[in-house]
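So you can see what is in the structure, the chains are spelled out below.
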Amino acid sequence: MICVVNVLVDNVSHTYTKPVVTVALVDVNLEFKHGGFYALLGPSGCGKTTLMKIIAGLLKPTKGRVLFDGTDVTDWPPRKRNVAMVFQFPVVYEMSVYDNIAFPLRNYGYSESYIKKKVYEVSELVGIKDILKTPASKLDPASRQKVAIARALVREPSVFLFDEPLSNLDPLSRMELRVKIKELQRTVKTTMIYVTHDQAEALTLADYIAVMNEGRVLQFDTPANLYEYPRNTFVGFFIGNPGMNFLNCELAEGGLKCSDVFYPLSTKEVEVLSGRGSEFVLGIRPEYIRVGRERGLFKAKCIVREELGTAVLLHLETPGGVLVKAKLPPTVDVREGEEVAVDFPREKVRVFTKSGDLIF
Amino acid sequence: MKFKLNVLVATVILVATSTLWILPLYALVAGSVKSLADAMGSPLLDLPRIPDFETIVRAFNALAGSMLNTAIIAIPATFIAVLIGSLAAFAIYLRGGRVANYVPPLIAITTYIPYQALIVPLISLIRQAEEVLKVPLYDTLHGLFIVFLIYYTPMATLLMFIFTNNLPREIVEAALVDGMKPMTVYRRVVLPLLGPGFVATLIFMLVQMWNNFFIPLSMTRGYEKHITLRIFSYVGQAGTIYNEMFAAAAIGSLPPLLIFVFLGRYFVRGLLTFTGGGR
Amino acid sequence: MVDVVVKDLYKKYRRKEALKGVSFEALEGKITVLFGPVGAGKTTTLRIIAGLERPDRGRVFFGGADVTDRPPQERNVGLVFQTFALYPHLSVYENIASPLRAQGLPQSEIDEKVRRVAEMLRISDILEKGPAEISGGQRQRVAIARALVKDAAVYLFDEPLTNLDYKIREAMRGELRKILKERGGTMIWATPDPQEALALGDYVVVLHNGVVEAQGEIHEVYNRPRNTTVAKYFSYPSMNLIKGVVKSREDGVLVDLGFTALKVPRAKLPEEVAGEVVVGIRPTDIKILLAGEHGIWGTVVLTEVLGSETLVHLDVAGTRLVAHVPEIFRAPPGSSVRLLIDPGRVYLFDRSTGELLHAPG
């Protein structure tokens, strides 16, 4: 059941020429080691789907190569690379679930007894063994996706590519399928590359995530590192619900001055910063901000109290116009219009250059 | 090896069919510049011995009148037919429900009836109208214009209905919710969006009216009121003046050809909306 | 600005009954959220209120006047479509101005109103562009601007955030309520997302399978769900619903869940309810213990990291439970954890009717 492959994306760039000239990817270098679950995460238009198509063989990059286990497959069509793809819209044929899954095997000319064994195996894994006789077109979208996944699995592909497969499903089915896909990956151990704009999917399913924006890979790291040490303000903003708060600051005596908020730094830190310029960006995640009645770093007024169900998001504004959002448990007793003291725990504060790169 | 055979077979078929199409065209163009003796004397497919451009000049002069007449009738008739068609199509579209389900097929069926079956009753109707209205209609330009209009509006409506149906429904709904009256919706939203489809229908209808032979034949006497009649006039009992006829046919085919050359892309764009290739 | 009342709406499409007797009220000046999962009937309801569909049965009233037979162009409604439905051949400015032009207002007034609403939605800098040249998030703001620019009897929003990237949705949620309140007016906002509903609404109408399951002040309905359907769908994360058996009831109720028994304090159940109930536990009321000796053992099925918080899917002696952890929490599937359920936060529902019997607090 296992066919594990190392995928190397070597210096790939891609520019579309029609309908208009668009730069889709710039200098992408990624290695997907066999058996891992990887995600390409980024907003619409960041290039993740383009990259996936290049890995699959549906698109030839204008520059760069793709290697499977050291072999240059850049010119190989998808069939030769033996990649399996599951798309946003479930692709099922007008036949029974059994025939759908058997389809690729029959194309290869395997014996019916072998096919039967494989179909049973795979449908068991995916959890659709009891609907093998149902015509696939009569199923709901979630089940259809399972059939598509099963059909892809049965081919024992070298790489599994998912293109936002859950975005068309209702929230409940989405959760169900997320669990299923994760379980599958543990069992099957094929290299899986999952494209999505939903961080929850990426953070839940993947071991390593490539966060992309505007054609570039900004950081390729574990979910924990992306969360705690984003190398870039975009990563800090994109990961987390909601993302990091950013304050524009100037280097001052003993710390950073962000309008009417002063954040003290050690001498060593000030030294490091003075070598990097005078303007910086201070980042702090909403869930790490401490809010209270006593003293703190600064005072701010709660201008919006956003109820989220599991938490409350307080939009806090200082007289100088600095705006931060703090995420707190729903029981916190702060109403709109009230003034509170705000504090940032030192170990959770991150400082970035003006252009957005992490310093510490 | 298998790959090459496919290409070979495809090429042979392509060449064969192209030849089938090009030969008559070649004969037409070649024949247009032959002198009469040449045309009558030599085989159809021979090149002209000495090109005689007089033929073309003569043919043009002979054709000029009927071309003008055809243009005077066909162009306004096309515009009016397509305008009425698009308004009708939009009205049906807005109405929705059973009307939108049953009326278009009904209209479609009427367009399937061969015009040969319709033309005699139509002429007799025209004759009766003449009597009642005391206005001459038979063998007049305006009479022919009216018949074209009557005959071609259903087809225009049908085509426009297909294009209108392909419009994103929600945009029309947004216009209604914005408070626009249906006529305003048509003018400000539907017409601009129909653009290519509208032009495609215009082109199609114009070419239809330009090439139609039977209706002018039935509605008029003589050869002057429509170009197809004038071209046909070269067939005489004594024989056919091939060279001038060919020249006339070539000249007569030019206007539709030119329309396609210059406006063809709108036609294609219009057709693309069938497949949702537009917006 | 008027009260909108819909009474007894029925609508059937081909074989599907979309609405089966929907009645509710949207009070003037308030934001009423029309909440329901996909296929509940939200879009159908909004379209009927806008006049784009006729109900098979039932009436729609704007401020007491029966508008059911009026065509959409005569209802003075602002509608934001899920697909935005912008005019592709007009600029952003003209798109927004469209309803005002239809009303025949003078150009100076149109200009003033368009610019004011564009400012409110922060799209003043793209007024000259065409819809194809702007991003999805911007297009949605234009669609909202087009609806809000006129003084409508009611503003209808059909899941306008659903087609947007998660991050854009997140950003818009916070400012949208402010913008809507600033504009003022009667608003009906359809969404399947409980968090969006809570962030935006004053009132909620919970729709499921074409039937109104609950309506009222939004936090009331959220904290005291009338039945298991409301509890399951109108909660974030979705409430755990487990079968339980009532064992005794002195001044509280002892409920046996199989893997554990909970003493629900101060719960008073009607005499007739004996034996079987459905117990509702919010994932936020299940705590995962990292140390200590208390707690129930459970096996981790999946840790779903949502960003800054985690939903832990657990198997507890055969029952599936979801616990919410307000930070990133990872545990490999198959590992064992201990959990603690807060008995004071438990909901009890009647097993046969699904009706609420007891709510905490």
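The shown structure was predicted, so the numbers you read here are calculated from the model rather than taken from an experiment.

Caption draft 1: The arrangement of the overall build of chain B in detail. Helices and strands together make up the secondary structure of chain B, namely 11 helices and 0 strands. Starting at the N terminus and ending at the C terminus, chain B contains elements arranged as α-α-α-α-α-α-α-α-α-α-α. Principal-axis analysis of the C-alpha atoms gives chain B an extent of 75 × 70 × 30 Å. For chain B, the proportion of its 279 residues judged to be buried stands at 42%. The long-range fraction of contacts in chain B, counting pairs at least 24 apart against all pairs at least 6 apart in sequence, stands at 70%. A total accessible area of about 15400 Å² is found for chain B, and carbon and sulfur atoms account for 73% of it. Distance from the positive charge centre (19 side chains) to the negative charge centre (12 side chains) of chain B: 11 Å.

Caption draft 2: Representation of the nonpolar core. Of all hydrophobic cores here, the largest spans 84 residues; its most connected members are Val185 of chain B together with Phe62, Leu156 and Ile188 of chain C. The element best represented in this core is helix α8 (residues 182-211) of chain B, accounting for 13 residues. Setting aside chain neighbours within four positions, we find Leu156 of chain C in contact with Leu46, Ile49, Ala50, Val77, Gly78, Leu79, Val80 and Ile188 of chain C. In terms of nonpolar packing, the next biggest core, distinct from the first, is built from 48 residues, Leu153, Leu169, Ile181 and Ala202 of chain A among them.

Caption draft 3: The arrangement of the sheet that holds strand β1 (residues 4-13) of chain C in detail. Spatially, the 4 strands line up as an open sheet ordered β2-β1-β4-β5 (chain C), and their pairing is antiparallel. Sheet topology places β2 (16-26) and β5 (65-66) of chain C at the edges, where each strand pairs with a single neighbour.

Caption draft 4: Layout of helix α1 (residues 48-56) of chain A. Residues and elements named next belong to chain A. Of all the 9 residues making up α1, 7 are buried; the element is thus mostly covered by neighbouring parts of the structure. Residues of α1 that are buried: Lys48, Thr50, Leu51, Met52, Ile54, Ile55 and Ala56. Phi turns positive one or two residues past the end of α1, at Gly57, with a value near 105°.

Caption draft 5: View of the side chain of His313 of chain C. Mapped onto the elements, His313 of chain C comes out in strand β17 (residues 310-316). For His313 of chain C, a relative accessible area of 6% corresponds to the buried category. Beyond its immediate chain neighbours, meaning those up to four positions away, His313 of chain C contacts Met175 and Val179 of chain A together with Thr299, Val300, Val301, Leu302, Glu304, Leu321 and Val322 of chain C.

Caption draft 6: Examining the state of the cysteines more closely. All names here are of chain A. Tallied over the entire structure, the rule returns 1 disulfide over all chains. In this model, Cys249 is linked to Cys258 through a disulfide, with the two sulfur atoms separated by 2.3 Å. Handedness of the Cys249-Cys258 disulfide follows from its S-S torsion of about 80°: it is right-handed. The pair Cys249 / Cys258 is uniform in exposure class, with both members buried.

Caption draft 7: Summary view of the sheet that holds strand β9 (residues 203-208) of chain C. Residue and element names in this part refer to chain C. One open sheet holds the 6 strands; their spatial order is β6-β7-β8-β3-β9-β10, and the pairing between them is mixed. Each edge of the open sheet is held by one strand with a lone partner, namely β6 (77-80) and β10 (211-217). Sheet twist, expressed as the mean angle between neighbouring strand axes with direction ignored, is 15°. Summarising the sheet, strand β7 (residues 154-158) and strand β8 (residues 187-191) pair through 4 bridges and their orientation is parallel. Residue pairing in the sheet places Asp158 in a bridge with Ala190 of β8.

Caption draft 8: Layout of the arrangement of the chains. In this assembly, 2 pairs of chains are in contact, and the pair contributing the most contacts is chains A and C. Nothing in chain A touches chain B; the tightest C-alpha to C-alpha distance between them is still 13 Å.

Caption draft 9: Focus on the interface of chain C and chain B. Of the residues lining the interface, 21 residues belong to chain C; the matching set on chain B comes to 16 residues. Between chain C and chain B lies a buried interface of about 1700 Å² when both sides are counted; carbon and sulfur atoms form 57% of it. Counting the surface chain C buries against chain B, the share from its top three residues, Gln73, Tyr87 and His89 of chain C, is 32%. Run the count over chain C and chain B and you get 2 salt bridges. The partner of Glu173 of chain B in a salt bridge is Arg47 of chain C, with the nearest N and O atoms 2.6 Å apart. The interface formed by chain C and chain B includes 8 residue pairs in polar contact (both at pLDDT 80 or more). Every element with two or more residues in the side of chain C that touches chain B is listed here: β6 and α2 (92-103) of chain C. Looking at which element gives the most residues to the side of chain C that touches chain B, the answer is α2 of chain C, with 5 residues.

Caption draft 10: Region of interest: the confidence of the model for chain B. Residues and elements named next belong to chain B. Per-residue confidence for chain B gives a mean pLDDT of 84; residues scoring 70 or more make up 95%. Predicted confidence in chain B is weakest over helix α2 (residues 36-41), with a mean pLDDT of 73, and strongest over helix α7 (residues 169-177), with 92. For this predicted complex, the interface confidence score (ipTM) comes to 0.84, while the overall pTM stands at 0.82.

Caption draft 11: Here's a closer look at the interface of chain A and chain C. The partner chain C presents 33 residues to the 35 residues of chain A that form the contact. Of the roughly 2900 Å² buried where chain A meets chain C, counting both sides, 60% is carbon and sulfur surface. Seen at the junction of chain A and chain C, the total is 3 salt bridges. Across the chain A-chain C interface, the total number found is 10 residue pairs in polar contact (both at pLDDT 80 or more). Looking at the side of chain A that touches chain C, the elements that each hand over two or more residues are α6 (171-188), α7 (199-205), α8 (223-228), α9 (233-238) and β16 (298-307) of chain A. Looking at the side of chain A that touches chain C, its residues break down into 16 nonpolar, 10 polar and 9 charged.

Caption draft 12: The arrangement of the packing of helix α3 (residues 54-95) of chain B against α7 of chain B in detail. Residues and elements named next belong to chain B. Packing of α3 against α7 leaves a shortest axis separation of 12 Å and a crossing angle of 85°. Considered as vectors, α3 and α7 are oriented roughly perpendicular to each other. Where α3 approaches α7, its residues Phe90, Tyr93 and Leu94 are matched on the opposing element by Arg169, Val172 and Leu176.

Caption draft 13: The arrangement of α2 of chain C in detail. Taken across its 12 residues, α2 of chain C has 9 buried, putting it largely inside the fold. The complete set of buried residues in α2 of chain C reads Val92, Tyr93, Glu94, Asn95, Ile96, Ala97, Ser98, Pro99 and Leu100 of chain C. The secondary structure elements touched by the buried residues of α2 of chain C are α8 of chain B together with α3 (107-120) and α4 (136-148) of chain C.

Caption draft 14: Molecular detail of the packing of aromatic side chains. Residue and element names in this part refer to chain A. As enumerated under the stated definition, the model contains 26 aromatic pairs over all chains in all. When the ring of Tyr38 is compared with that of Tyr208, the centres are 6.2 Å apart and the planes differ by 40°; the resulting orientation is tilted. Of this pair, Tyr38 sits in strand β3 (residues 37-41) while Tyr208 sits in strand β9 (residues 208-213); the two residues are 170 residues apart in sequence, bridging distant segments of the chain. On the basis of an interplanar angle of 45° and a centroid distance of 4.9 Å, the ring pair of Tyr110 and Tyr114 is categorised as tilted.

Caption draft 15: Region of interest: the packing of helix α6 (residues 141-165) of chain B against α8 of chain B. All names here are of chain B. α8 packs onto α6 with a crossing angle of 150° between their chain directions and a minimal axis gap of 10 Å. By the criterion of interaxial angle, the relationship of α6 to α8 is roughly antiparallel. Where α6 crosses over α8, the two elements pack in a sense that is right-handed. Seen from α6, the contacting residues are Phe148, Tyr152, Met155, Ala156, Leu159, Met160, Phe163 and Thr164; seen from α8, they are Leu194, Gly197, Phe198, Ala200, Thr201, Phe204, Met205, Gln208 and Met209. Here the contact of α6 with α8 is built from residues that sort into 13 nonpolar, 4 polar and no charged.

Basis of the calculations
Residues numbered from 1 in each chain as written. Chains lettered and ligands numbered in written order. Predicted model: local features only at pLDDT ≥ 70, side-chain atom pairs only at ≥ 80, totals over all residues. Heavy atoms only, no water. Helix = DSSP H or I, 4+ residues; strand = E, 2+ residues; numbered from the N terminus. Buried < 20%, exposed > 50% of the residue type's maximum accessible area, 1.4 Å probe, protein only. Contact = heavy atoms within 4.5 Å. Areas by Shrake-Rupley, 256 points an atom, 1.4 Å probe, with all protein chains shown as cover. Lys, Arg positive; Asp, Glu negative; His and termini not counted. Charge placed at Lys NZ, Arg CZ, Asp CG, Glu CD. Core = buried A, V, L, I, M, F, W, Y, C linked by side-chain atoms within 4.5 Å. Pairing = 2+ DSSP bridges. Disulfide = S-S within 2.5 Å. Axes fitted to C-alpha atoms, helices over the stretch in contact; angles between N-to-C directions. Buried area = accessible area lost by both parts, 1.4 Å probe. Salt bridge = Lys/Arg side-chain N within 4 Å of Asp/Glu carboxyl O. Polar contact = N/O pair within 3.5 Å; in protein donor to acceptor, adjacent residues only side chain to side chain. pLDDT = per-residue confidence, 0-100. Nonpolar A, V, L, I, M, F, W, Y, C, P; charged D, E, K, R; others polar. Parallel < 35°, antiparallel > 145°, perpendicular 65-115°, else oblique. Phe/Tyr/Trp six-rings, centres within 6.5 Å; stacked < 30°, edge-to-face > 60°. Left-handed = near helix turned anticlockwise from the far one by under 90°.

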